[in-house]
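Spelled out from the first residue to the last, the chains are:
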Amino acid sequence: MHKRALGAVAVTGVAALALSACGGSSPTTPSNTAAGTAKATTTGVPETPTGTAAPVRDANVDLVIWTDADRSAAVQKYADQFAAENGVTVKVQISTDTRQQFKDATKVGKGPDVIVGAHDWLGELVQNSTVAPVNLASDVAAKFLPKAIDATKFNGQSYGVPYAVENIGLMYNKDLVPNPPKTMDELVATGEKLVKEGKAKQVLSQFVSKVGNAYFAYPYLSAFEGGGIFGLNAQGGYDPNKVIVDSAGSVKGGDVLAELGKKKVLSTNVDDTNQDALFDTKAAPFMISGPWSVAKAKEAGINYGIAPLPSLTGGGPMKPFLGVQMFYVSSKAKNAALAQEFVTNYIPRKDVQLALFEVGKRPPALKEAYDQVAATDPDVKAWYEAGVDGAPMPNIPAMNSVWGPFGQATADIIAGKAGAQERLAAAAKEIEANIAKG
Amino acid sequence: MTKPIALAIKWVLIAAAVVGAFVIATKLAEAGNTLAVVLAGMVGLGILAIYATRRGVPLKYLAPGVLLMILFQLWPVVYTANLSFTNYGDGHLYSKEESVTDIVAQSVREVPGAPRYKMSVAVKERASVETADLILLLTDPAGATFVGDTSGLKPLAPEGVTKAPSGKILTAPGYTLLTARQVNARSADLSKIAVPTSDGGGIKPVGLSEAFEGKPTMSYDAATDRITDSSTTPPTVYAPADARWTNVANPSQTLPQGWKEGVGLANYTRIFTDSTLREGFVSIFLWNLFFAIFSVLSTFLLGMLIALLFNDPRLRFKGVYRSLLILPYALPIFVTALVWKGMFNQDYGIINQLTGLNVDWLGTDLGAKTAILLTNLWLGFPYMFIVCTGALQSIPQDVREAATIDGANAFRTLRSIIMPLLLVAVGPLLLASFAFNFNNFGLIFLLTKGGPFNGADTSIGSSDLLITYAYRLAFSGSAPNYGFAAAVSVIIFIIVALMSIPGFRRTKALEEIN
């Protein structure tokens, strides 16, 4: 028996070792990469990670950039150009979870110099002293969409250079619906008619899920005067001390959610796993989603159109959150001068913005680049117009306290478990308590 | 094996272990962790002392196990316990001094209307580019050239100066210009440069070729321990409170950067005084206990039954069946749990479609719990099947034959002979399985996220385990609070440990059968 027990311990010990080997970062053969990069100024292909581990910073390179896999090729191209022009070496590494891996690696002094990420990480990154201010000349900043520039600011300080904006809109099946509806009532009427005729199974596909989705529910609140998540402070930024999810406007939005839930237009059974499939199999003629859904719809051969979100009766048009993709410079960058140079001088270039557009298909943040793309790509123009009224997603850390309680509240309202007024009031209380916890 | 070969192998292994300890120590030294270097050195010496000499024979057997236990069991526990007495978490990662430096450095704003310069970085001619004081060669928008250093801005005579089309100075007599790589190598010095201007600001570089005039809006007074923000009227004063810089006039407003500090037992007091925790704890604990016990029993029974079935010598193609049955175990839970989630969907899931039911599996308390138990049964039985198969094959045939000769029927043999012998082998594994399922975070998080949530309270879900609950408790605030999470982990650790003690006593009793 003792032998057996010892064997079991040995097995679990080995398993623990194997696990830690997977979880830990396996170093890339340093001798090879060092020799390769020291000679050539271009590194060619982005370094792909092993598993989900954070990339290992290469100490022999003059500038290290972390990005996700999608953007890596475009970033690599201009990083190479930058390297050749300045006689330095640049390495682009793919990070599977840039937000967390950047925070963790920077904490122990092994982070990259530049990262590519979303603007709503900003508050958290500033809070942890991981990003440095990026001082863009005012004439350069004026070339960008003002909302994109606003999104890169926290407490009035600017922390990066934007390259794309994204937001949700209404996707509709042109074969079933020739013209997009302007109002939600019209949308529901059209959809219900199609269901009755047997041409569709349900009216709308929108990500709700059992725990709710604050990002997709927010536009219902913002359609009404005074509805939303956070009020604004004197400087025009979001104020974590002003939670307005239970304001009169927000409650009106909640009532719409309740009504649509009752009509089965919105359902907690639709979530990220089936949202696209419902639209792509023509089960639903309408879908509220973002640019990430386009590729799948194209692949499924859907004749889709993109339109702004409809307006709600008694309020105005639903206004989505704007997400801005941007380049950050690490506050602990080992190559701060090159990092600042790359971000302030390269990213605002039109050709760079166009190349980044090609990989992400999100409207570019540089006006000049957007105009050129919008002239030939109707999708981009449509996404941009769907987001014209939108406000940037809050980048304050307090937003972390909102997703859970607010999302669940909207799911409960849609499922008919609680009335909008009391449920949103309870959510507001919970959010405030979470923020107070700090 | 002949003695010289054995000796050679022994010494190669000892040398490898010592070299390993040395490599680890070097890495730790690079990271500047003195205490850990000493410990790694002591481990290396210990290996030498234990295995290179003839003394301490029992230690030769004990040392590897003890070492691994310290490394993988004790160290994480100590580290977690240590963390639970701090406020470590987002916004509280660094020291107070670092927070002050960061706040002041990040508050530099461009002076409105000030010119933006084109910049080259240089040193005095014949001075070392690696160490000499850096000098900024600046061109203002009108094309006038300047020399800037820590003493201030002086005009640079245009004679002999060549400029790029952008206005950036390329050569200047008396100065050596640095290349991009040379500038970059001195990033740290460059970030400290601020050429003082007459209005109290400083000209600071941006990247390699631009400079702007900026002014910090925050200032720190060490004597009073206050940070003052001069960008507001009147200036806002921040004082340290609760490991954050807090606005004296309006305590709800704090600066984002806080610092790490010891908080004593505060995290533990919060656990025991938090009202939602007190109310939710009992129901979560009972469900957690039920979940773990039911998971272990159901997977064990199913796994054992199949193992008994497949252990029959008359069955053909056993290899094929066995490989197929191991599949659920071999697939990653991240995939299978999500597939099950899809199958349990009320409107589109295959389970409701096949059975003709309309059960809201993931949206009701009972449905969610049933879904979780079913999924865990499917995920867990292959493991039990493997261990039972192994254990059954080690039960000698003659014991069974003896039972048959004594007139025992199949059920009696199973109950009195096979089961006790089987339990000796798998008993400890059942305990391990219990501990694992007690903290089965992945399954709950992927399948229900702890939901459904009732009564307008998203802090307690009806399918929550203690661990998923603790996760939400610690991370539902504005910022992940690792210190608090560590305190909750310590409490869970104590609970699991206390519950395991009777279990281990019981396995000891089983051992006596052997």
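Note that the structure is predicted; figures quoted are calculated from it, not measured.

Cut-offs applied
Residues numbered from 1 in each chain as written. Chains lettered and ligands numbered in written order. Predicted model: local features only at pLDDT ≥ 70, side-chain atom pairs only at ≥ 80, totals over all residues. Heavy atoms only, no water. Salt bridge = Lys/Arg side-chain N within 4 Å of Asp/Glu carboxyl O. Helix = DSSP H or I, 4+ residues; strand = E, 2+ residues; numbered from the N terminus. Buried < 20%, exposed > 50% of the residue type's maximum accessible area, 1.4 Å probe, protein only. Axes fitted to C-alpha atoms, helices over the stretch in contact; angles between N-to-C directions. Parallel < 35°, antiparallel > 145°, perpendicular 65-115°, else oblique. Left-handed = near helix turned anticlockwise from the far one by under 90°. Contact = heavy atoms within 4.5 Å. Nonpolar A, V, L, I, M, F, W, Y, C, P; charged D, E, K, R; others polar. pLDDT = per-residue confidence, 0-100. Core = buried A, V, L, I, M, F, W, Y, C linked by side-chain atoms within 4.5 Å. Domains from an automatic or database assignment. UniProt positions renumbered as here; feature names shortened; annotations may be inferred. Phe/Tyr/Trp six-rings, centres within 6.5 Å; stacked < 30°, edge-to-face > 60°. Lys NZ or Arg CZ within 6 Å of the ring centre and 35° of its normal. Pairing = 2+ DSSP bridges. Expected span 1.5 Å × (residues − 1). Buried area = accessible area lost by both parts, 1.4 Å probe. Polar contact = N/O pair within 3.5 Å; in protein donor to acceptor, adjacent residues only side chain to side chain. Right-handed = clockwise from strand over helix to strand, strands pointing away.

### A short note on the pattern of salt bridges
One pass over the full model with this rule turns up 22 salt bridges over all chains. Among the ionic pairs, Asp 276 of chain A bridges to Lys 296 of chain A, the shortest N-O distance being 3.0 Å. Of this pair, Asp 276 of chain A sits in helix H11 (residues 275-280) while Lys 296 of chain A sits in helix H12 (residues 294-299), placing them 20 residues apart in sequence. The residue Arg 116 of chain B makes a salt bridge to Glu 210 of chain B at a minimum N-O spacing of 3.2 Å. In this pair, Arg 116 of chain B sits in the loop between strand E1 (108-110) and strand E2 (117-124) while Glu 210 of chain B sits in strand E11 (residues 210-216), placing the two residues 94 residues apart along the sequence. Here Arg 116 of chain B and Glu 210 of chain B have matching classes, each one buried. Put simply, Arg 99, Lys 103 and Glu 124 of chain A together with Asp 90 of chain B are held in one network by salt bridges that share partners.

### Remarks on the packing of helix H17 (residues 403-414) of chain A against helix H18 (residues 420-437) of chain A
All names here are of chain A. The N-to-C vectors of H17 and H18 enclose an angle of 165°; their axes lie 9 Å apart at closest approach. What the angle tells us is that H17 and H18 run roughly antiparallel. Relative to H18, H17 is oriented so that their crossing is right-handed. Touching Pro 405, Phe 406, Gln 408, Ala 409, Asp 412 and Ile 413 of H17 are Ala 420, Arg 423, Leu 424, Ala 427, Glu 430, Ile 431 and Asn 434, all from H18. Looking at the contact of H17 with H18, its residues break down into 8 nonpolar, 2 polar and 3 charged.

### A word on the confidence of the model for chain B
In the predicted model, chain B carries a mean pLDDT of 86, and the fraction of residues at 70 or more is 98%. Both scores are available for the predicted complex, with the pTM at 0.81 and the ipTM at 0.78.

### Some remarks on the nonpolar core
Tyr 220, Ile 229, Phe 230, Ile 288 and Phe 406 of chain A are the most contacted members of the largest nonpolar core, which has 71 residues in total. No other element matches the 7 residues that helix H9 (residues 214-222) of chain A contributes to this core. In terms of domain composition, this core takes at least three residues from each of domain 1 (3-166 + 322-392) and domain 2 (169-321 + 394-437) of chain A. If we ignore the near neighbours within four places in the chain, the residues touching Phe 230 of chain A are Tyr 238, Asp 239, Pro 240, Lys 242, Val 243, Ile 244, Pro 394, Ile 396, Ala 398, Met 399, Val 402 and Ile 435 of chain A. Counting residues in each nonpolar core, the second largest holds 68 residues, with Val 134, Val 140 and Ala 148 of chain A together with Ala 180 of chain B among its members.

### Comments concerning the UniProt feature "transmembrane region" (unreviewed entry) in chain B
Residue and element names in this part refer to chain B. With numbering matched to this structure, UniProt assigns "transmembrane region" (unreviewed entry) to residues 7-25, 31-52, 59-78, 285-308, 320-340, 371-392, 413-436 and 482-501. Between the first and last C-alpha atoms of residues 320-340 the distance is 25 Å; the span itself is 90% helix and 0% strand. Helix makes up 100% of residues 413-436 and strand 0%, and the two end C-alpha atoms of the span are 31 Å apart.

### Description of the packing of helix H1 (residues 3-30) of chain B against helix H2 (residues 34-52) of chain B
Residues and elements named next belong to chain B. It is the contact of H1 with H2, at a shortest axis distance of 8 Å, that shows an interaxial angle of 170°. One element, H1, and the other, H2, form an angle in the roughly antiparallel class. Touching Lys 10, Trp 11, Ile 14, Ala 17, Val 18, Ala 21, Ala 25, Leu 28 and Ala 29 of H1 are Ala 36, Val 37, Ala 40, Gly 44, Ile 47, Leu 48, Tyr 51 and Ala 52, all from H2. Taken together, the residues of the contact of H1 with H2 sort by class into 15 nonpolar, 1 polar and 1 charged.

### Notes on unusual backbone geometry
Residues and elements named next belong to chain A. The phi torsion at Lys 282 lies on the positive side, around 65°, for a residue other than glycine. As for its placement among the helices and strands, Lys 282 is situated in the loop between H11 and strand E11 (286-289). You will see that Lys 361, though not glycine, has its phi angle at about 55°, which is positive. With respect to the helices and strands, Lys 361 occurs in the loop between helix H14 (350-360) and helix H15 (367-376).

### Focus on the packing of aromatic side chains
One pass over the full model with this rule turns up 29 aromatic pairs over all chains. An angle of 15° between the planes, with centres 5.0 Å apart, marks the rings of Phe 441 of chain B and Phe 445 of chain B as stacked. With a gap of 4 residues between them, Phe 441 of chain B and Phe 445 of chain B both fall in helix H15 (residues 441-447), about one helical turn apart. Following the ring pairs from residue to residue traces out a cluster consisting of Phe 82, Tyr 163, Phe 327, Phe 342 and Tyr 346 of chain A. Here the basic side chain of Arg 270 of chain B rests over the ring of Phe 484 of chain B, its NZ or CZ set 3.8 Å away from the ring centre.

### So, the pairing of strand E5 (residues 152-155) of chain B
Residues and elements named next belong to chain B. Pairing geometry for strand E4 (residues 145-149) and E5, over 4 bridges, is antiparallel. Within E5, the position partnered with Gly 148 by the bridge is Leu 153. Connecting E4 to the antiparallel partner E5 that follows it, the hairpin turn spans 2 residues.

### Structural notes on H1 of chain B
Residues and elements named next belong to chain B. With 28 residues, H1 should reach 40 Å at 1.5 Å per residue; the first-to-last C-alpha distance of 41 Å fits that figure. Looking at the buried residues of H1, the elements they touch are H2. A positive phi of about 75° marks Gly 32, the residue just after H1.

### Considerations on the domain arrangement of chain A
Residue and element names in this part refer to chain A. What the domain assignment lists for chain A is domain 1 (3-166 + 322-392) and domain 2 (169-321 + 394-437). Residue-level contacts link 25 residues of domain 1 with 23 residues of domain 2. Counting each side, the surface lost to burial between domain 1 and domain 2 is near 1,700 Å², with a carbon and sulfur contribution of 59%. Counting the surface domain 1 buries against domain 2, the share from its top three residues, Asp 379, Trp 383 and Ala 386, is 33%. Linking domain 1 with domain 2 are 6 residue pairs in polar contact (both at pLDDT 80 or more). The element that contributes the greatest number of residues to the side of domain 1 that touches domain 2 is helix H16 (residues 378-386), accounting for 5 residues. Per-class residue counts for the side of domain 1 that touches domain 2 are 9 nonpolar, 6 polar and 10 charged.

### Notes on the sheet that holds E11 of chain A
All names here are of chain A. Pairing in this open sheet of 4 strands is mixed, and the strands run E8-E11-E7-E12 from one edge to the other. Each end of this open sheet is capped by a strand with a single partner; those strands are strand E8 (204-206) and strand E12 (304-307). When strand polarity is set aside, the average angle formed by the axes of neighbouring strands in this sheet is 25°. When strand E7 (residues 169-173) meets E11, the two strands line up antiparallel, connected through 4 bridges. Across the sheet, the residue bridging to Tyr 172 is Phe 286, located in E11. This element, H9, spans E8 and E11 of the sheet and lies at about 120° to E8.

### Considerations on the pairing of strand E1 (residues 63-67) of chain A
All names here are of chain A. The buried fraction of E1 is high, at 5 of 5 residues. Across the two faces of E1 the burial is the same, with Leu 63, Ile 65 and Thr 67 and Val 64 and Trp 66 all buried. Taken together, the 5 bridges between E1 and strand E2 (residues 90-94) define a ladder with parallel strand orientation. Looking at E2, one finds that Ile 65 is bridged to Val 92. Where the polypeptide runs from E1 across helix H3 (residues 69-86) and back to E2, its parallel neighbour, the crossover connection is right-handed. Where E1 and strand E3 (residues 114-118) come together, 2 bridges link them in parallel fashion. Of the residues in E3, the one forming a bridge with Trp 66 is Ile 115.

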